[in-house]
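# Architecture at a glance
Listed below are the residues making up each chain.
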Amino acid sequence: GNLTICDFPFHVLLGDDPHHVTIPTPGDTYLRNGSRNQNQGEATFLRIRQSGKNRTLVRFPQEVIEQVTDAGSLVSATLELYIESNADNWGTDGRFVEVHRVSEDWEELAATWNCGIDADAGNSKPDCDPEWDGASFVATASASLLHERDLMGWIQFDLTADVRAFLSGGENFGWIVKKANEGASGKVEYTSKEGTPGQQPR
């Protein structure tokens, strides 16, 4: 006899023309080589940088992607991240940041530099076998974007080919965002899903 309330997002698509659907991320985090067994899943930002070699993970639910489109009707798919902090140390000509498909499962509150899913992310040691050492991902980048000094706000990576692959049966473990040359300077922080409303990865 107890009443409860459930809410959920939905999309109303009208007409035959192409539609634009925005899907928020249900999971994101970043990995720190300098703190290899610490999870950053509750941070309000997603960081990549040279010092400590930080990388960002982001994913979107396969079931939602399948609900709003299929491989034959997909026109384009874009990962959008919001730059909230830029250290302005990208060199004279800027440096490229790449997005790669992740090839192994991970969890937002259990991912560390050493483990995609650490069974005990709070004990400062790796609890997984095998370890993934900074994430398992496809070597060839799916997209890249030049980051320069003063670059702020929304940026976009074209991931149409990846999403088509997901819709055709490919495994969807999301993406990792990292610098093409991780030995070069450059630090940026994107807003995470725990961060400022309206700026979360989508």
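My aim in this report is to walk through the structure given alongside it, one point at a time.

Rules used throughout
- Residues numbered from 1 in each chain as written.
- Predicted model: local features only at pLDDT ≥ 70, side-chain atom pairs only at ≥ 80, totals over all residues.
- Heavy atoms only, no water.
- Buried < 20%, exposed > 50% of the residue type's maximum accessible area, 1.4 Å probe, protein only.
- Helix = DSSP H or I, 4+ residues; strand = E, 2+ residues; numbered from the N terminus.
- Arc of directions from axis to C-beta.
- Contact = heavy atoms within 4.5 Å.
- Disulfide = S-S within 2.5 Å.
- Core = buried A, V, L, I, M, F, W, Y, C linked by side-chain atoms within 4.5 Å.
- Phe/Tyr/Trp six-rings, centres within 6.5 Å; stacked < 30°, edge-to-face > 60°.
- Lys NZ or Arg CZ within 6 Å of the ring centre and 35° of its normal.

## What about helix H2 (residues 160-167)?
Here H2 has its buried residues at Thr160, Asp162, Val163, Phe166 and Leu167. Projected down its long axis, H2 carries its buried residues within an arc of 160°, all on one side. Buried residues along H2 sit against helix H1 (62-68), strand S5 (95-101), strand S7 (153-158) and strand S8 (175-179). Phi for Gly169, located one or two positions after H2, is positive at around 110°.

## Points about unusual backbone geometry
In this structure, Pro130 follows Asp129 across a cis peptide bond, with omega equal to 5°. With respect to the helices and strands, the residue Pro130 is situated in the loop between S5 and strand S6 (143-147). Within the chain, Asp88 stands out as a residue other than glycine whose phi angle is a positive 60°. When you line up the elements, Asp88 lands in the loop between strand S4 (78-86) and S5. One non-glycine residue, Asp133, lies in positive phi territory at about 50°.

## Some details on the state of the cysteines
Evaluation of the coordinates by the stated rule reveals one disulfide. Two residues share a disulfide in this structure: Cys115 and Cys128, whose sulfurs sit 2.0 Å from each other. Disulfide Cys115 to Cys128: torsion about the S-S bond roughly -80°, handedness left-handed. With Cys115 in the loop between S5 and S6 and Cys128 in the loop between S5 and S6, this pair connects stretches of sequence that are 13 residues apart.

## Quick notes on the nonpolar core
Counting 25 residues, the largest nonpolar core has Leu79, Phe157, Trp175 and Tyr190 as the members making the most contacts within it. Looking at this core, the elements that each hand over two or more residues are strand S2 (45-49), S4, S5, S7, H2, S8 and strand S9 (187-191). Listed in part, the ten residues of the second largest apolar core include Leu57, Ala135, Phe173 and Ile176.

## Comments concerning the packing of aromatic side chains
The geometry of two aromatic rings is summed up by the distance between their centres and the angle between their planes. A full pass over the atoms with the stated rule returns four aromatic pairs. Ring pairs connect the aromatic residues Phe60, Phe166 and Trp175, which therefore count as one cluster. Here Arg59 stacks its cationic end above the ring of Trp106, 4.9 Å away from the centre of that ring. When the ring centre of Trp154 is taken as origin, the NZ or CZ atom of Arg202, which lies over that ring, is 3.7 Å away.

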